[in-house]
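Close look at the chain arrangement
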Amino acid sequence: MNFHIMTLFPEMIMGSLSSSITGRASDKGYISFNAINIRDFSKDKHHKVDDYTYGGGAGMLMQAQPIYDCYKSIEQDILDKGCKSPRVIYVTPQGSVFNQKMAQELASEENLVFLCGHYEGVDERVLEEIVTDYVSIGDYVLTGGELPAMVMIDAISRLVPGVLNNDESAMTESFNNYLLEYPQYSRPEEWMGKKVPPILLSGDHKKVDEWRLEQSVIRTKERRPDLYEKWLAENPPKPEKKKRRKKKAAEPLASEKMANDNTTEDNNIGTIS
């Protein structure tokens, strides 16, 4: 997986992604990231990349030409390596809200390009020309697109095979199948009067898995009822099995009952009281 980030602050991107899990994954070749300075593609002698907006308004707008040329340089390099044109993600509050499902989808791509806006935004014409996905990380405004891009890159990277030491971790964390992660515990067994749930010390893996699922459902229902409803829609409760009623012994027919009564009377004939 290769990440290409178009930005005005490449040092901000590289300084963050070069550490921790993403940094180690990059060193091992599972992922790569390259921050490209949009200013390098400006035709202005002062490397200017912004200008006033037509129609007036506060602030400056990023110009189309430097961004377009920056992207075409990235795209050409990707095509030269025999790959298809990449998806281009513009991080904006106007986009679809990023979530785990989207991260899983994007993790299947070989190349992703992120466009980080600044100032009052980006000239609409270049967005129409190159952007394939408009994505937001939440309903709030930041000073630039670098932080949202790094958030998405981190989440996507974790789903690339080999990035995590234990690939199973990505499948048991929060938001997998709409459920939040279950509570977890480590040593010591008792801390500040609080003990580890006994089931986790039992060694019974089946019961532990059942307990963890139960806790995930409870936690999701309490903290994220919106996610719980989605989980419930895909995992409806199984209908309870109706208990079979025990069949009552069949009552004797009237003729049989009469015959039995006659037999009793015949047996009583000649009995001395």
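Conventions and cut-offs
Residues numbered from 1 in each chain as written. Predicted model: local features only at pLDDT ≥ 70, side-chain atom pairs only at ≥ 80, totals over all residues. Heavy atoms only, no water. Buried < 20%, exposed > 50% of the residue type's maximum accessible area, 1.4 Å probe, protein only. Helix = DSSP H or I, 4+ residues; strand = E, 2+ residues; numbered from the N terminus. Pairing = 2+ DSSP bridges. Axes fitted to C-alpha atoms, helices over the stretch in contact; angles between N-to-C directions. Parallel < 35°, antiparallel > 145°, perpendicular 65-115°, else oblique. Contact = heavy atoms within 4.5 Å. Nonpolar A, V, L, I, M, F, W, Y, C, P; charged D, E, K, R; others polar. Salt bridge = Lys/Arg side-chain N within 4 Å of Asp/Glu carboxyl O. Phe/Tyr/Trp six-rings, centres within 6.5 Å; stacked < 30°, edge-to-face > 60°.

To continue, consider the pairing of strand β6 (residues 111-115). Counted residue by residue, β6 has five buried out of five residues, so it is predominantly covered. Neither face of β6 is open: one carries N111, V113 and L115, the other L112 and F114, and all of them are buried. Inspection of the sheet shows strand β1 (residues 2-7) paired to β6 by five bridges, in the parallel sense. Within β6, the residue paired with H4 across the bridge is V113. The pairing of strand β5 (residues 87-97) with β6 spans four bridges and is parallel. The residue bridging Y90 from the neighbouring strand is L115, located in β6.

Let's shift gears to the packing of helix α8 (residues 205-223) against helix α9 (residues 225-234). Running from N to C, α8 and α9 cross one another at 130°; their axes reach a closest spacing of 6 Å. One finds that α8 runs oblique with respect to α9. Two secondary-structure elements touch here, α8 through V217, T220, K221, E222 and R223 and α9 through P225, L227, Y228 and W231. The residue makeup of the contact of α8 with α9, split by class, is five nonpolar, one polar and three charged.

The next point concerns the pattern of salt bridges. Applying the stated criterion to the full structure yields eight salt bridges. Across the pair E109 and K84 runs a salt bridge, and its minimum N-O distance is 3.8 Å. Placement of E109 in the loop between α4 (100-106) and β6 and of K84 in the loop between α3 (64-80) and β5 is noted, with a sequence separation of 25 residues between them. Residue classification places E109 among the buried residues on the basis of a relative accessible area of 15%. For R87, the salt bridge identified is with E105, shortest N-O distance 3.0 Å.

Take the packing of aromatic side chains next. Throughout the structure, instances matching the rule amount to three aromatic pairs. When the centroid spacing of 6.2 Å and the interplanar angle of 85° are considered together, the rings of Y90 and Y134 count as edge-to-face. With a gap of 44 residues between them, Y90 in strand β5 and Y134 in strand β7 (residues 133-136) connect regions that are remote in the sequence. For Y134, a relative accessible area of 34% corresponds to the partly exposed category.

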